[in-house]
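Coordinate analysis (summary)
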Amino acid sequence: MNFRDGIDEFIDAQTGFWNDATSEERRCKLGTIATRMEKLYSKGKISTLDANLMTRRDIQEFLKSMKGSRLETSTMKKYLQLVDQYLQHFENYSAMHVRNNAGLSVPLKGIEHLSKEEALIVMDYIDGLPGWNGSIVRGMIYLAYQTMARPSEIRLAKVKDLDIYGRRFRVSNPKGNGRYADSEWVQLLFEGSVDTLTRYLDERERYLRNRNIESDWLFPRLHDGEVGPYTLKSVNAKMRKVSEATGVQFTLKTWRATVATWFCEYDSDLLQNVSDELRHKCAKTTDMFYARVRKASSGKTLTRYSAAIDVSTNRSMAHKRCRERF
């Protein structure tokens, strides 16, 4: 079984265990992994592309190539875990041995988030974007900003999930849906930009009416004559275009961490409230998040006090004269 050819079978076997968003994400990642495997095979680095026959040595070469590409440790760990799960589906356990001995320990990193200045740059830009693509980008970003919802929770939302009058949004496709999480309402956090979501709903209604289309999706996508939700890939592509235009690097997921970080930096006592709004599964997740927020902001905190201990400003001009003579 060629590595790429078995992806559909593997994804289909997870029916009932993974939701649609997870299946789509894993399919995309496996496609990326398949491309890397094919490149390794073309260079003679691995012995086969057959998922049944891949050896421990082949998986080690795959791991080596990821390290050579300087992928983040967290990414390598996720890819190796997914390869292991994928090969086990074909009763091949070679990746399990590599994964158990890889020693990949994900380091604690600061949360990637936008500054308020960066957020304003993006908002000023998207406020003026024309057309339906502009409406979709604006609606998704402002909903992410207002709710700290995950990208899949926004993409797969229905129009009835956005209650403008009640200033709330129902997360009907949460992470862990049907296993450890159920749908629930969260608040729209910022009164000042609720009008942008109202504007989106008006634009959505006109778009559907002009095309004589009916849809329950909050963000409907017309593709090949059918209406459905936007894919993660298409959403990422839209966000990437805004990033390129503004010079501010972000994804839709960035807004979740951005707003949460702002609240925690404003007042650390709000951490539990932030955790509730983020819908974290347990206190450990909240503690880890807070630790990452502290790490992300620690440099800025130290900079405020650096002038009091900086000795470099008192360097003697004699050093400069010595360098000039040298």
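Taking 1.5 Å as the rise per residue, helix α7 (residues 131–147) with 17 residues should run 24 Å; its terminal C-alpha atoms sit 24 Å apart, in good agreement. With respect to burial, α7 is a largely interior element, 15 of its 17 residues being buried. Two residues or fewer after α7 comes M148, characterised by a positive phi angle close to 60°.

Among the nonpolar cores identified, the biggest contains 49 residues, and M140, I141, L143, F169, F219, F250 and W255 are the most heavily contacted of them. Those elements that provide at least two residues to this core are α6 (116–126), α7, β2 (168–171), α9 (194–210), α10 (232–246), α11 (254–266) and α12 (271–278). It is α7 that provides the largest number of residues to this core, a total of nine residues. If near-sequence neighbours (up to four positions away) are discounted, F219 is found in contact with I136, G139, M140, L143, I154, Y200, G228, P229 and Y230. In terms of nonpolar packing, the next biggest core, distinct from the first, is built from 30 residues, L40, I46, Y79 and A95 among them.

Our focus in this paragraph is the environment of D267. Position of D267 among the secondary structure elements: in the loop between α11 and α12. Polar contacts involving the side chain of D267 include one to the main-chain amide nitrogen of D269, which spans 2.9 Å.

Two elements in contact, helix α3 (residues 56–68) and helix α5 (residues 94–101), have axes whose closest approach is 8 Å; the angle formed by their N-to-C orientations is 50°. As judged from the angle between their axes, α3 and α5 are oblique. The hand of the α3/α5 crossing is right-handed. Within the contact between the two elements, α3 uses R56, I59, Q60 and L63 and α5 uses S94, A95, H97, V98 and N101. Among the residues forming the contact of α3 with α5, the class breakdown is four nonpolar, four polar and one charged.

What counts as what
- Residue numbers run consecutively from 1 along every chain, following the written order of its sequence.
- Residue-level local features of this predicted model are given only where pLDDT is at least 70; pairs of side-chain atoms are given and counted only at 80 or more, and the full residue set underlies all totals for whole chains, interfaces and linings.
- To get the side-chain values, take all heavy atoms of the structure and skip hydrogens and water.
- By the criteria applied, helices consist of DSSP H or I runs no shorter than four residues and strands consist of E runs no shorter than two, each listed in order from the N terminus.
- Here the expected length of a helix is defined as 1.5 Å per residue gap, with one fewer gap than residues.
- Burial classes: relative accessible area under 20% of the type maximum marks a residue as buried, over 50% as exposed, and values in between as partly exposed (1.4 Å probe, protein chains only).
- Nonpolar cores were defined as sets of buried Ala, Val, Leu, Ile, Met, Phe, Trp, Tyr and Cys residues, with membership established by side-chain atoms within 4.5 Å.
- Residues count as neighbours in contact if any of their non-hydrogen atoms are within 4.5 Å of one another.
- Polar contacts, as used here, are pairs of N or O atoms within 3.5 Å; protein pairs need one atom able to donate a hydrogen and one able to accept it. Residues neighboring in sequence count only if both atoms are side-chain atoms.
- Note on geometry: axes are lines fitted to C-alpha atoms, helical ones only across the stretch in contact, with angles between N-to-C directions running from 0 to 180 degrees.
- Roughly parallel covers angles under 35 degrees, roughly antiparallel covers those over 145, roughly perpendicular covers 65 to 115, and oblique covers all other angles.
- Crossing handedness follows the turn of the near helix against the far one: under a right angle anticlockwise gives a left-handed crossing, and clockwise gives a right-handed one.
- We call Asp, Glu, Lys and Arg charged. Ala, Val, Leu, Ile, Met, Phe, Trp, Tyr, Cys and Pro are nonpolar, and the rest, Gly among them, are polar.

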